[in-house]
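# Architecture and fold: a report
Here are the chains, one letter per residue:
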Amino acid sequence: GVIEYNVSYNGYDQSYSSPLCFVDLLDREGKFVARDITTLAGRIEIDSPRLWWPYLMDSEPGYLYTLQVRLASPQLGTKDVYRLPVGIRTVKWNNTSLLINGRPLYLRGFGKHEDSDLYATILRQAPFSRPNRDSNPDFPVIRRPVQHESDALGDGPTG
């Protein structure tokens with residue numbers, strides 16, 4: 001497995017020498033797996049990685065490592081530490097299959113989001129019934145607005 005990374009930073013006092021970047025890969029228990037010492041960009045190679053698998057495709061689905069990045073300089077010591085959960089997997093596709101780690105992934109259903117303006121239009125046009133959704137993907141979908149009150153799932157700024 002390979003993890004490529006590129007680190008950027010702000011607020012570092014330029015009167016000191018450029019920081020070194022220590023990138024460590026830790027397993028689920030926090031044990032050291034691999035390290036790269038660089039000047040902000042590089043790659044870590046793992047000979048026999050524990051792969052990330054979707055639910056029901058492995059006995060331990062969703063395996064995550066921790067990628068730990070430390071910026072340090074001789075004058076200041078360790079200045080900053082950032083940890084990010086990462087999974088290692090391959091994704092490929094062809095005309096008939098989506099492959100995760102070389103194995104076909106079975107996708108069931110589709111992305112039903114209940115926040116469409118079509119909600120009222122569909123309700124007026126079609127009586128509500130419970131069609132067999134697996135056998136007929138062209139049926140009308142009844143939708144209703146959904147609000148999310150937490151940005152806990154997001155990793156970036158919202159606004």
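It should be noted that the structure appears before, not after, this text.
Here goes a summary of the coordinates provided. Keep in mind that this is a model prediction, so the values were computed, not measured. (Residues numbered from 1 in each chain as written. Predicted model: local features only at pLDDT ≥ 70, side-chain atom pairs only at ≥ 80, totals over all residues. Heavy atoms only, no water.)

### A few points about the overall build of the protein
To keep it simple, the criterion reads: Numbered from the N terminus, helices here are DSSP runs of H or I no shorter than four residues, and strands are runs of E no shorter than two. The contact criterion used is simple: two residues touch if any of their non-hydrogen atoms lie within 4.5 Å. Method for areas: the Shrake-Rupley scheme with a 1.4 Å probe, in which residue coverage is limited to the protein chains shown.
A tally of regular secondary structure across the protein gives one helix and nine strands. Secondary structure elements of the protein, listed N to C terminal, follow the sequence β-β-β-β-β-β-β-β-β-α. Here the analysis covers contacts within the protein between residues at least 6 apart in sequence; of these, 52% occur between residues at least 24 apart. Only carbon and sulfur atoms are counted for the fraction: they give 49% of the accessible area of the protein, which is about 12,200 Å².

### Side note on the environment of threonine 39
Here threonine 39 is to be found in the loop between β3 (32-38) and β4 (41-45). Taking the C-alpha atoms as reference points, threonine 39 and asparagine 6, separated by 33 residues in sequence, lie 9.4 Å from one another.

### Points about the pairing of strand β5 (residues 65-73)
The criterion, for reference: Relative accessibility under 20% of the residue-type maximum defines a buried residue, over 50% an exposed one, and the middle range a partly exposed one, all with a 1.4 Å probe and only protein chains included. Strands are labelled as partners when DSSP assigns at least two bridges between them.
Counting buried residues along β5, eight of its nine residues qualify, which places the element largely inside the surrounding structure. Bridge count between strand β2 (residues 20-26) and β5: seven bridges; the pairing is antiparallel. Paired with phenylalanine 22 across the strands is arginine 70, a residue of β5. Of the strand pairs in this sheet, β5 and strand β6 (residues 77-86) are connected by nine bridges, and their pairing is antiparallel. Directly across from leucine 67, in β6, lies its bridge partner leucine 84.

### Re unusual backbone geometry
The backbone phi angle of leucine 56 is positive, close to 75°, even though this residue is not glycine. In this fold, leucine 56 is placed in the loop between β4 and β5. Owing to a relative accessible area of 70%, leucine 56 belongs among the exposed residues under this scheme. With a phi angle near 50°, asparagine 101 is a residue other than glycine that sits in the positive phi range. Its location among the elements puts asparagine 101 in the loop between β8 (98-100) and β9 (103-104). Under the relative-accessibility criterion, asparagine 101 is labelled buried at 14%.

### Some details on the layout of surface pockets
This is how it is decided: A 1.4 Å probe that fits into a set of points on a 1 Å grid over the protein atoms alone but cannot get out defines a cavity; an open set with protein on both sides within 12 Å along at least five of seven lines defines a pocket, and lining residues are those with an atom within 4 Å of a point. Grid points are joined across faces, edges and corners, and a volume is the space filled by probe spheres set on the points. Here the term charged refers only to Asp, Glu, Lys and Arg, the term nonpolar to Ala, Val, Leu, Ile, Met, Phe, Trp, Tyr, Cys and Pro, and the term polar to all other amino acids, Gly among them.
Of the voids in this model, the largest pocket is the one considered here, and its volume is about 290 Å³. Around the largest pocket sit 15 residues that line it, and Asn6, Val7, Ser8, Val69 and Tyr82 are the ones nearest its centre. Looking at the lining of the largest pocket, the elements that each hand over two or more residues are β1 (2-6), β5 and β6. Counted by class, the lining of the largest pocket contains ten nonpolar, three polar and two charged residues.

### Things to note about the sheet that holds β9
Sheet strands associate in pairs through backbone hydrogen bonding, adopting either a parallel or an antiparallel arrangement. Ordered in space as β7-β8-β9, the three strands form an open sheet in which the pairing is antiparallel. Looking at strand neighbours, the two that pair on one side only are β7 (91-93) and β9, the edges of this open sheet. Of the pairings in the sheet, the one linking β8 to β9 comprises two bridges and is antiparallel in character. Note on β9: the bridge partner recorded for leucine 99 is proline 104.

Spatial relationships are all this shows, so hold off on functional conclusions.
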